[in-house]
Amino acid sequence: MRVDVVAEMPAQLLDAAWGFYHDTFDELRTRAAARHVMYRHEFDDLMADKRVMKYVACDGDTVVGLAAQTDDLHAVPLISPEYFAHRWPDHYAQRRLFYAVFVGARPGLHGMGVFVTLLREMMRPITAVAGVVTIDVCTHNEAVRALPQRVELILGRIAGAARVQRVDSQSFWCYEFPAAS
């Protein structure tokens, strides 16, 4: 397996990358109230956006892992760069704030190794500048998969101890009314 870090997804890999992304994250369309999965045109735009680094894990010609990360918070729709600038003004001014847009590995026997390898590559620019990285985790991935705790464990092994904290959370409330009698 090899991991290529590219500013723009090579045209010959775009369809395979989309297929991988769709297969990996599609279940979140019905498991998270906030939209966590891009539509094809959004994915293509992100893959062409040179402000966002792509981490492409391939086993031969097969995409087995894919991630995207940026230090330009304006490249990610629906997050607030102002929030990050207010909370970490020095990091923001020095471009030491990173946002991991997504990280995915093919499920199965080797998937965890791919996930760890992707995180290792993604940490290189962050640790080089003593940066901060933020991820967005839906309730399903937190409660069922314990994703924040797993990422913390992996990053601790890769980059040493980090201070981990929930910086924000969003909940959706539904008010359902019975039929009028």
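Scoring rules and cut-offs
Residues numbered from 1 in each chain as written. Predicted model: local features only at pLDDT ≥ 70, side-chain atom pairs only at ≥ 80, totals over all residues. Heavy atoms only, no water. Salt bridge = Lys/Arg side-chain N within 4 Å of Asp/Glu carboxyl O. Helix = DSSP H or I, 4+ residues; strand = E, 2+ residues; numbered from the N terminus. Buried < 20%, exposed > 50% of the residue type's maximum accessible area, 1.4 Å probe, protein only. Arc of directions from axis to C-beta. Contact = heavy atoms within 4.5 Å. Pairing = 2+ DSSP bridges. Axes fitted to C-alpha atoms, helices over the stretch in contact; angles between N-to-C directions. Core = buried A, V, L, I, M, F, W, Y, C linked by side-chain atoms within 4.5 Å. Polar contact = N/O pair within 3.5 Å; in protein donor to acceptor, adjacent residues only side chain to side chain.

**Here's the deal with the pattern of salt bridges**
Stage number 1. Within this structure, the stated rule accounts for 12 salt bridges.
Stage number 2. The partner of Arg 40 in a salt bridge is Asp 44, and the shortest N-O contact between them spans 2.8 Å. Remark: Asp 44 and Arg 40 occur in helix α2 (residues 40-48); sequence separation between them is 4 residues, near one turn of the helix.
Stage number 3. Residue class for Arg 40 comes out partly exposed when judged on its relative accessible area of 28%.
Stage number 4. On the basis of relative accessibility, which here comes to 25%, the residue Asp 44 falls in the partly exposed class.
Stage number 5. The network of salt bridges with common partners includes Asp 15, Arg 40 and Asp 44.

**Focus on α2**
Stage number 1. Looking at α2, one finds that the buried residues are Phe 43, Leu 46 and Met 47. Viewed end-on, α2 has its buried residues packed into an arc of 100°, placing them on one side of the element. In α2, the exposed positions angled more than 90 degrees off the buried face are occupied by His 41 and Asp 45.
Stage number 2. Taken together, the buried residues of α2 touch α1 (11-25), β2 (52-59), β3 (62-70) and β4 (97-105).

**Some points on the side chain of Thr 134**
Stage number 1. On the secondary structure map, Thr 134 appears in strand β5 (residues 132-134).
Stage number 2. With a relative accessible area of 11%, Thr 134 lands in the buried category.

**Notes on the sheet that holds β5**
Stage number 1. On the basis of which strands lie adjacent, the open sheet formed by 5 strands has the order β1-β2-β3-β4-β5 and mixed pairing. Sheet topology places β1 (2-6) and β5 at the edges, where each strand pairs with a single neighbour. The sheet shows a mean angle of 25° between the axes of neighbouring strands, taken without regard to direction.
Stage number 2. Pairing geometry for β1 and β2, over 5 bridges, is antiparallel. Directly across from Val 5, in β2, lies its bridge partner Tyr 55.
Stage number 3. Helix-sheet contacts for α1 involve β2, β3 and β4, and the interaxial angle to β3 is about 85°.

**Considerations on the nonpolar core**
Stage number 1. Counting residues in hydrophobic clusters, the biggest one holds 24 residues, and the most contacted among them are Met 9, Tyr 21, Phe 43, Leu 46, Val 56, Leu 66 and Phe 102.
Stage number 2. Broken down by secondary-structure element, the contributors of at least two residues to this core are α1, α2, β2 and β3.
Stage number 3. With near-sequence residues (within four places) excluded, Phe 102 lies in contact with Tyr 21, Phe 25, Met 38, Phe 43, Leu 46, Met 47, Leu 66, Ala 67 and Ala 68.
Stage number 4. Core analysis: the next-biggest nonpolar cluster, separate from the first, contains 19 residues, Tyr 55, Ala 57, Val 116 and Ile 154 among them.

**Overview of the environment of Arg 87**
Stage number 1. Among the structural elements, Arg 87 can be located in helix α3 (residues 81-87).
Stage number 2. In this structure Arg 87 comes out as partly exposed when scored by relative accessible area, which is 35%.
Stage number 3. Separated by 44 residues in sequence, Arg 87 and Phe 43 place their C-alpha atoms 29 Å apart.
Stage number 4. When residues no more than four places from it in sequence are discounted, the contact partners of Arg 87 are Gln 165 and Val 167.
Stage number 5. A distance of 3.0 Å separates a polar atom in the side chain of Arg 87 from a polar atom in the side chain of Gln 165.

Keep in mind these values describe shape, not function.
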